[in-house]
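Observations on the three-dimensional arrangement
So the chains spell out like this:
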Amino acid sequence: MTDIRVRIAPSPSGNLHIGTARTALFNYLFAKKNNGKFILRIEDTDAERTSQEYIDNIFDSLKALGLNWDEGPDVGGEYGPYTQSERFDLYPKYAQMLVEKGFAYECFCTPEELEAEKEEAGKNKQPYVYSKKCENLTEKQKESLRKEGRKPAIRFSISKAQKAFHDSNILAFDDLVKGNLHQDTSLIGDFVIMKSNGTPTYNFAVVIDDMLMKISHIIRGEDHISNTFKQILIYEALGADVPRFGHLGMILAPDRSKLSKRHGATAVSEFVEKGYLTDALVNFVALLGWSPSDSEEIKTVDEIAQDFDITKISSSNSIFEYDKLNWMNGQYIKKMDLTKLYDYAMPFLKKYDTSKYTKEQLIRILEVTREPITTLSELEFDTQYFFEKPDLSEVKELLESETSKKVLPYALDVINSWGFDSEEKLHEDMANYREYFKAQGIKPKETMWSFRAAVTGRTRGADMGAIVYLLGKDEIVDRIKTALK
RNA sequence: GGCGGUAUCGUCUAGGGGUCAGGAUAGCAGAUUCUCAUUCUGUUGACACGGGUUCGAAUCCCGUUUCCGCUACCA
């Protein structure tokens, strides 16, 4: 059996898209499950849209997701270079080989001529396929065209390849996720493989690269299905082994359109900026199409890899809804190691002067505020009262209530006896404080509402004992006094 | 338009000739807690449609429809 080698080949014309991340994940999982190699190739043929910033973003995002590659531009490998722009000298000779074998030919058509063909087809309501008028040009004709100053593109002859390797017009292959797929290739026009400027087109470059990099399985989005037929024919014409293909359904926005900026975040890095954990992101995105054989949905990438079977992936599109992502992210936040949480959370607390607390105290703050949150970005609001005086406008009414008028002054009376040197003691003291009013018919809940409102300006939040402990006696007294004014 | 793909709760999905069509999330209801949070419990909710085949179809077949993609000298 040949070595399993898969790849992800993003084009650095933007930050790493969540959809690309999912494709990368499935490739990674497939490689891990089958002891294969996962390869990263940067397809930067389109120089105008490429930037180093995007390349870095792709590297960083993939790493953050834990999708480490075995071969790639930075780590190298046997089949480099792994950046397409560094491979430009490779393509012409393969194109030439195809021309010599009769599977490709020079095309001198101008954009205007091509445009006219298309218009004509449109007028007659016929699907457009290239007319092949350059396929049988004589040397003489080519020479005179060249003299006119025309630079030829190279087109691939679909019909010749199809005839050479197949009995009918039908080209079929067995897709790893979709099963048998087929297409009448007489409906496909001869497409350009080398542009007149000497650079390869996508469909040609991928085949050459995948062939040279010995890619055994190509797992990608179903938007590539129609390209697959063209690519298979190129492999065959080149005399290369045809890899296995697997086409994944797309990720759609809730309105069933392509996931785009107007739906919110699209890049992995944007999700991270919004407070999503890469562990949660990767877990969530795996569940779009894949489902675990047991009922446990929260799993690490390694655990998923154990259970992964490309064949059992859903072949339909799936919609990206935040509901479940949010829930899952919350689960990860709740279970996260506290020092790790500290590292991840601090960037979201930039707005505040955190220097008045020790690292241990800050960790405690995070520990007591993490429970209800869904994204790390909520931390800014939820920890606000630890760093700033509370805004009492939202709880004005509550503070003016009868309960508050009894409960708050009394707190001031007894607070000196509270055990501020330990959180545990404070909990007891506050329990007694609640009991005192409970005896007077005020529910513990109500007592705490007033107290919490005075101290934090909120009606809900972290454990009150922890808040009082972390803020300290003087601050609490000061806040209650302010609230009573 | 042509070609290709797709179809199970709102969403992600499991299953698949005879199941109360299962789970997760969201929703709703209740319980616990100092907290309209968390957690826990319960609950609403689906086989796109029309024809076949069959004792029996959500499952198999045919057709329709939906939605998605492709239809470049972009990738």
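Every residue gets a number counted from 1 within its own chain, in the order that chain's sequence is written. A letter from A marks each chain and a number from 1 marks each ligand, given out in the order of writing. Local features are withheld for residues below a pLDDT of 70 in this predicted model, meaning they are given only at 70 or higher, and side-chain atom pairs are given and counted only at 80 or more; totals for whole chains, interfaces and linings count all residues.

Let us now look at the overall build of chain A. Strands are runs of DSSP state E lasting at least 2 residues, helices are runs of H or I lasting at least 4, and numbering of each runs from the N terminus. Helix and strand counts for chain A stand at 22 helices and 11 strands. Over its C-alpha trace chain A gives a radius of gyration of 32 Å, far above what one expects of a compact globule, namely 23 Å for 485 residues. Seen through its principal axes, chain A has C-alpha atoms that stretch 105 × 50 × 40 Å. Exposure in this text rests on C-beta crowding, where 20 or more other C-beta atoms within 10 Å of a residue's own make it buried, 12 or fewer make it exposed, and counts in between make it partly exposed. The C-beta atoms are placed from the backbone. Burial analysis of chain A (485 residues in total) assigns 36% to the buried set. Throughout, the radius of gyration refers to the C-alpha atoms, and the reference size of a globule is 2.2 Å times the residue count to the power 0.38.

Where burial is concerned, most of strand S9 (residues 244-248) is hidden: four out of the five residues are buried. A pair of strands counts as paired when DSSP detects no fewer than two bridges linking them. Alignment of strand S8 (residues 217-221) against S9, held across five bridges, turns out to be parallel. Of the residues in S9, the one forming a bridge with isoleucine 218 is phenylalanine 245. Crossover handedness for the path S8 to helix H8 (residues 225-238) to S9: right-handed. The path from the first strand over the helix to the second decides the hand: if it runs clockwise while the strands point away from the viewer, the crossover is right-handed.

Take helix H2 (residues 52-64) next. Helices are assigned an expected span. That span is 1.5 Å times one less than the residue count. Taking 1.5 Å per residue as the helical rise, H2 with its 13 residues ought to reach 18 Å, and the 18 Å between its terminal C-alpha atoms agrees with that figure. Working definition of a contact: two residues with C-beta atoms, positioned from the backbone, lying within 7 Å. Buried-residue contacts for H2 involve helix H1 (18-33), strand S2 (37-40) and helix H9 (268-273). With its phi angle positive at about 85 degrees, glycine 66 sits one or two positions after the end of H2.

Domain extents, as shown, originate in an automatic or database domain assignment. Under the domain assignment used here, chain A contains domain 1 (5-87 + 251-319), domain 2 (91-213), domain 3 (337-385) and domain 4 (389-485). Centre-to-centre, using C-alpha coordinates, domain 1 lies 49 Å away from domain 4.

What follows is about the protein's contact with RNA strand B. As a matter of local geometry, RNA strand B sits amid 57 residues, with Ser11, Tyr202, Pro372, Met448 and Arg460 nearest to it. When contributions to the surface near RNA strand B are tallied by element, the ones reaching two or more residues are strand S6 (179-184), H8, strand S11 (318-319), helix H12 (322-335), helix H20 (444-456) and helix H21 (464-471). Of the residues assigned to the surface near RNA strand B, the class counts are 21 nonpolar, 19 polar and 17 charged. Working rule for contacts: place C-beta from the backbone, and if it is within 6 Å of a molecule or strand, that residue counts as near it. Each residue receives one of three labels: charged for Asp, Glu, Lys and Arg, nonpolar for Ala, Val, Leu, Ile, Met, Phe, Trp, Tyr, Cys and Pro, and polar for the others, Gly being one of them.

Looking now at the pairing of S6. Along S6, only zero of the six residues are buried, which leaves the element largely exposed. When strand S5 (residues 170-175) meets S6, the two strands line up antiparallel, connected through six bridges. Bridge pairing in S6 links phenylalanine 173 to leucine 181. What sits between the antiparallel neighbours S5 and S6 is a turn of three residues.

So, about unusual backbone geometry. Of note, the bond from glycine 80 into proline 81 is cis; its omega dihedral lies within 30 degrees of zero at -5 degrees. One can find proline 81 in the loop between H2 and helix H3 (91-101). One non-glycine residue, lysine 132, lies in the positive phi region at around 65 degrees. Of note, lysine 132 is situated in the loop between helix H4 (111-123) and helix H5 (139-147). Residue lysine 214 is not a glycine yet carries a positive backbone phi of 55 degrees. Within the fold, lysine 214 resides in the loop between helix H7 (202-212) and S8.

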